[in-house]
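Survey of secondary and tertiary structure
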Amino acid sequence: MDLRQLRNFVMVAEHASFTRAARVLGVAQPAVSTAIKKLETDLGLVLLHRQDKRVQLTAEGNELLPHAKAILERVEQASQAMARLRDLDRGEVRIALPGMIGSYYFPALLMAFHHRYPDLKLSLCEAGTREIQGMLERDEVDIGIIIEPTADQGLETVPLTRQEMIVAVGLDHPLANEEKIDLDTFFQHELVMFKPGYYHRELINNLAKHLGVTPDIAFETNLIELIRSIVRQGFAITTVLKMVVDQDPDIKAIPFKDPLHMDLHVGWKSGRALTQADRTFLDFLLEQNPR
């Protein structure tokens with residue numbers, strides 16, 4: 001039993017005629033008759049009653065027909081899905097990335113990618129690292145930019161880049177004249193931080209716990225521009241990627257005495273086949289960020 005035999009059988013059953021079935025299939029009538037006879041021989045069953053020019057299904061034929069239709073439909077769906085994977089003109093990549101990364105690291109990369117592949121659609125959403133992991137597991141996005149993944153997350157990951165974390169302070173802040181800042185000094189000041197669920201916040205919580213101190217978090221917000229404004233006006237300090245404040249003349253970026261870095265990875269759900277569009281985007285990212 002093969003697909004050609006099933007396709008011929010379905011056409012004959014639907015049109016109740018070998019002649020009409022052959023016309024729809026674009027083949028000679030004897031080819032249709034031969035295919036049906038071979039199918040009946042393979043199954044050891046009579047599927048069609050042939051009466052003059054009319055054709056009727058036997059009980060066995062009626063039993064096979066819905067199965068044959070379902071098989072052919074699934075094959076067609078599979079063929080269409082594979083065609084979509086090959087066709088970058090209709091491809092889409094759903095990407096989730098943290099706000100700080102999305103605002104300051106990815107815009108230039110995304111524009112370069114769009115310039116190279118103008119017909120490939122990128123759908124972007126912003127979320128914290130932990131939320132992104134859940135989105136990948138639930139197939140809500142195809143690719144996520146995550147920070148320091150662990151082995152038990154059910155994800156496949158590839159290192160992307162390492163970025164330095166610095167202390168950001170306003171120019172009038174007491175720490176503004178420091179060349180480097182240690183963690184003990186950092187935690188002596190009021191902080192503005194991302195809300196829980198973001199790596200930025202988890203990093204601070206873990207560092208504070210290690211030192212046995214409670215961070216003085218005066219402001220919580222996921223809005224990067226608001227964080228910059230609070231720091232700029234001297235209401236609090238924070239730690240962010242160096243690139244976030246590099247171009248801000250009213251904020252000073254001060255390295256930690258013991259350097260802190262953020263390791264970015266690109267990840268996707270383990271065992272999930274990447275589409276051609278996904279693979280193209282992934283290859284582009286790794287091309288732009290050779291390790």
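Source: prediction; values computed, not measured.

**Re the overall build of the chain**
When helices and strands are counted, the chain shows twelve helices and ten strands. By the compact-globule yardstick of 19 Å for 291 residues, the chain is too spread out, its C-alpha radius of gyration being 31 Å. C-alpha extents for the chain along the principal axes are approximately 100 × 40 × 30 Å. Looking at the chain as a whole, 42% of its 291 residues are labelled buried. Accessible area for the chain stands at about 15,600 Å²; split by element, carbon and sulfur atoms hold 50% of it. Of the side-chain charges in the chain, 33 are positive and 41 negative, and the distance between the mean point of each set is 11 Å.

**Describing the nonpolar core**
Counting residues in each nonpolar core, the largest one holds 60 residues, and the members touching the most others are Phe-106, Phe-186, Met-262 and Phe-281. Ranked by the residues each element gives to this core, the list is headed by strand E10 (residues 251-269), at eight residues. Residues within four places of Phe-186 in sequence aside, it is in contact with Val-167, Ile-181, Leu-191, Ile-204, Ile-237, Thr-238, Thr-239 and Phe-256.

**Here we look at the packing of helix H6 (residues 107-116) against helix H12 (residues 276-288)**
Any two packed helices are characterised by how steeply their axes cross, that is the angle between the axes, and by the distance between the axes. Two elements in contact, H6 and H12, have axes separated by 11 Å at closest approach and are oriented at 125°. Our classification of the angle between H6 and H12 gives oblique. Of the two possible hands of crossing, H6 and H12 adopt the one that is right-handed. From H6, Leu-109, Leu-110, Ala-112, Phe-113 and Arg-116 reach across to H12, where they touch Thr-280, Phe-281, Phe-284, Leu-285, Glu-287 and Gln-288.

**Some thoughts on the confidence of the model for the chain**
The pLDDT averaged across the chain works out to 87; a share of 95% of its residues lies at or above 70. Of all the helices and strands in the chain, helix H5 (residues 99-104) carries the lowest mean pLDDT, 77, while strand E7 (residues 191-193) carries the highest, 95.

**Observations regarding empty space enclosed by the protein**
On inspection of all chains with the given rule, the structure shows two cavities of 30 Å³ or more. Taken as a whole, the largest cavity spans an internal volume of roughly 70 Å³. Forming the walls of the largest cavity are Pro-98, Gly-99, Met-100, Ile-101, Thr-129, Ile-147, Phe-194, Tyr-198, Tyr-199, His-200 and Met-262. Considering every element that reaches the lining of the largest cavity, the biggest residue donor is H5, with three residues. Size it by volume and the second largest cavity reaches roughly 50 Å³. As for the second largest cavity, its lining consists of Met-100, Ala-168, Phe-194, Ile-224, Ile-227, Arg-228, Val-231, Thr-238, Val-240, Val-244, Val-245 and Ile-251. Contributions of two or more residues to the lining of the second largest cavity are made by helix H10 (224-232), strand E9 (238-241) and helix H11 (242-245). When residues of the lining of the second largest cavity are assigned to their parent elements, the largest contribution, four residues, is made by H10. When the residues that make up the lining of the second largest cavity are grouped by side-chain class, the tally is ten nonpolar, one polar and one charged.

**A look at the pairing of strand E5 (residues 143-147)**
Summarising burial for E5: five of the five residues are buried, a large majority. Judged from the two bridges that link them, strand E3 (residues 92-97) and E5 form a sheet pairing that is parallel. From the neighbouring strand, Ile-95 faces E5, where its bridge partner is Ile-143. Bridge count between E5 and E10: four bridges; the pairing is antiparallel. Residue Ile-146 lies in a different strand from E10, and its bridge partner there is His-265.

**Examining the sheet that holds strand E4 (residues 121-126)**
The strands making up a sheet associate through backbone hydrogen bonding, with each pair oriented either parallel or antiparallel. Pairing is mixed in the open sheet, where six strands are placed in the order E4-E3-E5-E10-E6-E9. Of all strands in the sheet, those with a lone pairing partner are E4 and E9, marking the two edges. Recorded for the sheet is a direction-independent mean angle of 30° between the axes of neighbouring strands. Against the sheet, H10 contacts strand E6 (155-170), E9 and E10, and its axis sits at roughly 25° relative to E6.

Reading guide: rules and limits
- Residues numbered from 1 in each chain as written.
- Predicted model: local features only at pLDDT ≥ 70, side-chain atom pairs only at ≥ 80, totals over all residues.
- Heavy atoms only, no water.
- Helix = DSSP H or I, 4+ residues; strand = E, 2+ residues; numbered from the N terminus.
- Rg over C-alpha atoms; globule rule 2.2 N^0.38 Å.
- Buried < 20%, exposed > 50% of the residue type's maximum accessible area, 1.4 Å probe, protein only.
- Areas by Shrake-Rupley, 256 points an atom, 1.4 Å probe, with all protein chains shown as cover.
- Lys, Arg positive; Asp, Glu negative; His and termini not counted.
- Charge placed at Lys NZ, Arg CZ, Asp CG, Glu CD.
- Core = buried A, V, L, I, M, F, W, Y, C linked by side-chain atoms within 4.5 Å.
- Contact = heavy atoms within 4.5 Å.
- Axes fitted to C-alpha atoms, helices over the stretch in contact; angles between N-to-C directions.
- Parallel < 35°, antiparallel > 145°, perpendicular 65-115°, else oblique.
- Left-handed = near helix turned anticlockwise from the far one by under 90°.
- pLDDT = per-residue confidence, 0-100.
- 1 Å grid on protein atoms, 1.4 Å probe; cavity = no way out; pocket = protein on both sides within 12 Å on 5 of 7 lines; lining within 4 Å.
- Points joined across faces, edges and corners; volume = space filled by probe spheres on them.
- Nonpolar A, V, L, I, M, F, W, Y, C, P; charged D, E, K, R; others polar.
- Pairing = 2+ DSSP bridges.

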